[in-house]
Amino acid sequence: MVNDYLPNIRVERMEWPAIIPDLKPIEHLTKYIVIFSLLCKLLSLTGEASMSSRDSFHTELDLMKTIGRHRNICSLIATSYNKNESLYVAFDFGSNGDLRSFLRRHRLPSERTNISSLSPARLLHLAMDVAKGLDYLSSIKTVHKNLRAKNVIVCNGLIAKVAGIGLTKQEHTKSWMHYSKQISFRWAAIESWSQNVYSSKSDVWSFGVVLWEIATLGGTPYHAVSNINVLQQRLMDGHRLNKPRNCTEEMQVFI
């Protein structure tokens, strides 16, 4: 167990996010740490980092503080400065990896890629977790902007948490909360890539694609279309994702 090799950090006051002085991650497992008995993923910013990198890092850190904690959001757990001016930030850790990889690992050997060792109830539970995380972001007027199964982590207890929040923006504002990254066109709503419009409604479009990914056990949306320009035109013409084999007509309409 990875936990056997990790220091369990304790603080005098139970605050959020925890502020831990002079944190020193062990050398052979520098990406993970245990805080409050929780296995966390550790990100670091060294004292030699450029000013732009530091600004971007602090911007995302401020964003995560604003979003707060939620059962279905990959949340900030703790921060720490050490003596050499390095910054360490601990986040929820997905012990089962990202949702897409998790679904693909649970495909059973078959000619049909939609046969899974996961029960329909478990798949529905994962979908509900993503919906709850997305609903929370909407409740605090925040748009994710890049929702996809690869940006959802699966934690202990098979709890799904929305991650990849670096592209998030506050709704009704013009400024991005973090530096620009490439948009995932296969998951983005039409108005997002055609008019640069992002809202909770465009997140709902992306959630529909995530539901399709869950139903296909990690399938690639529009996998037969490799040219983005062709895909965009097909979407404008009304083309949508094909119904997965194990998906009812009612569920397909919902997706």
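Calculation notes
Residues numbered from 1 in each chain as written. Predicted model: local features only at pLDDT ≥ 70, side-chain atom pairs only at ≥ 80, totals over all residues. Heavy atoms only, no water. Helix = DSSP H or I, 4+ residues; strand = E, 2+ residues; numbered from the N terminus. Buried < 20%, exposed > 50% of the residue type's maximum accessible area, 1.4 Å probe, protein only. Contact = heavy atoms within 4.5 Å. Areas by Shrake-Rupley, 256 points an atom, 1.4 Å probe, with all protein chains shown as cover. Pairing = 2+ DSSP bridges. Polar contact = N/O pair within 3.5 Å; in protein donor to acceptor, adjacent residues only side chain to side chain. pLDDT = per-residue confidence, 0-100. Salt bridge = Lys/Arg side-chain N within 4 Å of Asp/Glu carboxyl O. 1 Å grid on protein atoms, 1.4 Å probe; cavity = no way out; pocket = protein on both sides within 12 Å on 5 of 7 lines; lining within 4 Å. Points joined across faces, edges and corners; volume = space filled by probe spheres on them. Nonpolar A, V, L, I, M, F, W, Y, C, P; charged D, E, K, R; others polar.

### Remarks on the overall build of the chain
Next up, step 1: Counting secondary structure elements, the chain contains seven helices and 10 strands.
Next up, step 2: Evaluated residue by residue, the chain yields a buried proportion of 48% over its 255 residues.
Next up, step 3: The contacts of the chain with a sequence gap of at least 6 include a subset with a gap of at least 24, amounting to 64%.
Next up, step 4: For the chain, the accessible surface area stands at approximately 14000 Å², while carbon and sulfur atoms represent 52% of it.

### Regarding the pairing of strand S9 (residues 159-162)
Next up, step 1: Residues Ile-159 and Lys-161 of S9 are buried on one face, and the alternating residues Ala-160 and Val-162, pointing to the opposite face, are buried as well.
Next up, step 2: Pairing between strand S8 (residues 152-155) and S9: four bridges, direction antiparallel. When the bridges of S9 are listed, Val-152 appears paired with Val-162.
Next up, step 3: Hairpin connection, S8 to S9: the antiparallel pair is bridged by three residues, and Gly-157 has positive phi, about 80°.

### Let's talk about unusual backbone geometry
Next up, step 1: Positive phi values are uncommon outside glycine, yet Lys-145 reaches one of about 85°.
Next up, step 2: Take Lys-145: it is sitting in the loop between strand S7 (142-143) and S8.
Next up, step 3: The phi dihedral of Tyr-222 falls on the positive side, at around 50°, and the residue is not glycine.
Next up, step 4: For Tyr-222, the position within the fold is in the loop between helix H5 (200-215) and helix H6 (228-236).

### Concerning the side chain of Ser-206
Next up, step 1: Tracing the backbone shows Ser-206 in helix H5.
Next up, step 2: Residue class for Ser-206 comes out buried when judged on its relative accessible area of 4%.
Next up, step 3: If we ignore the near neighbours within four places in the chain, the residues touching Ser-206 are Leu-147, Trp-187 and Ala-188.

### Regarding the environment of Ser-194
Next up, step 1: Position of Ser-194 among the secondary structure elements: in helix H4 (residues 190-195).
Next up, step 2: Each C-alpha atom, one on Ser-194 and one on Met-236, is 9.7 Å from the other, the two residues being 42 residues apart in sequence.
Next up, step 3: Among the polar contacts made by the side chain of Ser-194, one reaches the main-chain carbonyl oxygen of Ile-190 at a distance of 2.6 Å.

### Thoughts on the confidence of the model for the chain
Next up, step 1: Residues of the chain with pLDDT of at least 70 account for 69%, and the chain-wide mean is 76.
Next up, step 2: No element of the chain has a lower mean pLDDT than strand S1 (residues 8-9), at 38, and none a higher one than S9, at 96.
Next up, step 3: Counting interchain partners and residues more than four positions distant, the pLDDT-below-50 stretch residues 1-16 has 37 contacts.
Next up, step 4: Contacts for the low-pLDDT stretch residues 171-181, under 50 throughout, to residues beyond four places or in other chains number 26 contacts.

### Regarding the pattern of salt bridges
Next up, step 1: In total, this model carries one salt bridge according to the counting rule given.
Next up, step 2: One salt bridge in this structure joins Asp-92 and Lys-161, with 3.4 Å as the shortest N-O distance. One end of the pair, Asp-92, is in strand S6 (residues 87-92); the other, Lys-161, is in strand S9, with 69 residues separating them in the sequence. For the residue pair Asp-92 and Lys-161, the accessibility class agrees, reading buried in each case.

### Considering empty space enclosed by the protein
Next up, step 1: Scanning the entire structure with this criterion turns up one cavity of 30 Å³ or more.
Next up, step 2: For the largest cavity, the calculated volume is near 30 Å³.
Next up, step 3: Every residue along the wall of the largest cavity is listed here: Lys-145, Ala-188, Ala-189, Ser-192, Tyr-198, Ser-202, Asp-203 and Ser-206.
Next up, step 4: Across the lining of the largest cavity, the residue classes break down as three nonpolar, three polar and two charged.

### Focus: the side chain of Asp-92
Next up, step 1: When its relative accessible area of 9% is taken as the criterion, Asp-92 is described as buried.
Next up, step 2: For Asp-92, the side chain forms a polar contact with the main-chain nitrogen of Ser-75, separated by 2.8 Å.
Next up, step 3: Polar side-chain contacts of Asp-92 include one of 3.4 Å to the side chain of Lys-161.

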